[in-house]
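# Structural characterization, general
This is what each chain is made of:
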Amino acid sequence: MNVRRVGALLAVIASVAAATACGSGGGSSSSANTVTWMSWETDQTNQAMDKSFQAFTKSSGIKIQREAAPAADYSQKLASLIMAKKVPEFFWCSNAEEQTLASQGLLYDWSSYAKTNSGLDMSRFAPGSLDSWRRAGKLYGIPTLANAYGFFYNKKLLDAAGVPTPQIGWTYDEMFSDAAKLTGKNGAKQGIVTAWPLLTSPFGLAQYSVSAGGQPLAGTATNVKKVTADPKLVEAAQRYATAIKAGQITPADFDSTNSPSAFANGSIPLMFGGQWLAQTMVGQKIAFDWGFVPMPRVDKDVQPTETNGVCSPATLKNPDQVWKAVSYLDTTGFDDTMKTVPLAPIAYLPGSQGYFAALQGEGTGPASIATAVQAELNAPTKVQTGFVDTWATKAANIITADWNPVIDGKGDPAAGVDKTIKEINSLAGSSS
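Residues numbered from 1 in each chain as written. Predicted model: local features only at pLDDT ≥ 70, side-chain atom pairs only at ≥ 80, totals over all residues. Heavy atoms only, no water.

### Digging into the pairing of strand β2 (residues 63–66)
Rules: Strand pairing is defined by DSSP finding a minimum of two bridges between the two strands. Segments assigned H or I by DSSP are reported as helices when at least four residues long, segments assigned E as strands when at least two residues long, and all are numbered from the N terminus. When the strands point away from the viewer, a crossover counts as right-handed if the path from the first strand over the helix to the second runs clockwise.
As paired elements, strand β1 (residues 34–38) and β2 share 4 bridges and run parallel to each other. Bridging across to β2, V35 finds its partner in I64. Crossover β1 to β2 through helix α2 (residues 43–60) is right-handed.

See the structure below:
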């Protein structure tokens, strides 16, 4: 399952949060020595975590009880529990969901626990991963599973076109050049096909901008009041618009549903997407030599940061026990789980060893994913992959309407970027 949650339940939670804002926020009715939790993971992943938590219970005496929540119905389940004020003591949430619930006063602030470094050493989280879990200086969630983004490559198609295999540290000049050389060659319609829209989004272009010495879209990850378009971001927009118009990169409004299967079938030379797509590749036992490489750079190394996490209700009655359970999850639980279900790295870097070990034993492709993901997580300079404030959904609509057409070559890129930025600022500036 894709670990990225992009607001599928945001509207539901927003309405429920508003309805419960003047209430207590609720808490689960567990016994004094039991911690309840809930996730959107698959049965296989949940059962692996259940097994790991058995060791935690044995050593701590704290029983861990999972609330059943089928992945497809997670949003409805969480919303109903919020309404009933019976939310588990920690539950899976995305940044956007966490910011919405925190704005309504419904989440527990973990700041005092984070300061002690007891159980979790805050300095061991991947650079940038904690930033988007804070609101007004308070920590309302703990990052867990992380996403990494980059390019899956088909070495057979690259070799046939005389294109070198991309390596960590490759450049945007090389990326655009490779896209041009691969287009229309050996059965590939475009040189680069997207499996996720980040590449041509304002955030994907902000990564280019910061790497070139420019500024990010916003100075903070949360509580954004103003966004800006650095000249380097406009430069990136012009480069992408040119390549897309020439048919070298799939457009911003491209339907990427079938991209992973097309790559696995050998018809795509370079595919942009997240590390979770490796599960599709491994499952299909691809015959050709393939691999994964992080985002390119202009000058300095800049990579995206994106995590899911866990949150707790504001009225939590046993924070000491819950903190111990969450600390175990990040340090050991995920480490155990990802050895058998290598879905994603963990933002808490010491907890990712199981994930990397599982990939190293799977052949060239997965081994390159492990190397690329490690490099990306440890990159000191990061950019966000999306807005997470309460106006984020409206901003996404603006990007679809105003940004995507000009990136697709249907207008002047500089004018389109300027219009998008102004409209997003009207949202951010009017937010409370």
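### Quick look at the packing of aromatic side chains
Counted only if it meets this: Note on aromatic contacts: the rings of Phe and Tyr and the six-membered ring of Trp form a pair at centre separations within 6.5 Å, being stacked when their planes are under 30 degrees apart, edge-to-face when over 60 apart, and tilted otherwise. Between buried and exposed lies partly exposed: a residue is buried under 20% and exposed over 50% of the maximum accessible area for its type, with that area taken using a 1.4 Å probe on protein chains only.
Within this structure, the stated rule accounts for 28 aromatic pairs. Consider the rings of F176 and Y240, whose centres lie 5.1 Å apart with planes at 70°: the pair is edge-to-face. Highlighted residues: F176 in helix α7 (residues 172–182) and Y240 in helix α9 (residues 231–245), separated in sequence by 64 residues. As far as the burial class goes, F176 and Y240 line up, both buried.

### A word on the packing of helix α15 (residues 392–407) against helix α16 (residues 413–430)
Here is the rule we go by: Simply put, an axis is a line fit to the C-alpha atoms, just over the touching stretch for a helix, and the angle between two N-to-C directions goes from 0 to 180 degrees. Roughly parallel here means an angle under 35 degrees, roughly antiparallel means over 145, roughly perpendicular means 65 to 115, and every remaining angle is called oblique. By definition, residues are in contact when any of their heavy atoms lie within 4.5 Å.
In contact at an axis separation of 8 Å, α15 and α16 are set at 170° when each is read in the N-to-C sense. Considered as vectors, α15 and α16 are oriented roughly antiparallel to each other. Within the contact between the two elements, α15 uses K394, A395, I398, I399, D402, W403 and V406 and α16 uses P413, G416, V417, K419, T420, E423, I424 and L427.

### Here's the deal with the sheet that holds strand β3 (residues 90–93)
Read from one edge to the other, the open sheet built from 5 strands follows the order β2-β1-β3-β12-β6, with strand pairing classed as mixed. Sheet topology places β2 and β6 (142–146) at the edges, where each strand pairs with a single neighbour. Pairwise comparison of adjacent strand axes, ignoring direction, gives a mean angle of 30° for this sheet. Note: β6 against strand β12 (residues 307–311), 3 bridges, orientation antiparallel. When the bridges of β12 are listed, I142 appears paired with V310. Strands in contact with helix α3 (residues 74–84) are β1 and β3; relative to β1, the strand with the most contacts, it is inclined by about 135°. Sheet strands in contact with helix α12 (residues 319–340) are β1, β2, β3, β6 and β12, and its direction is about 10° off that of β6.

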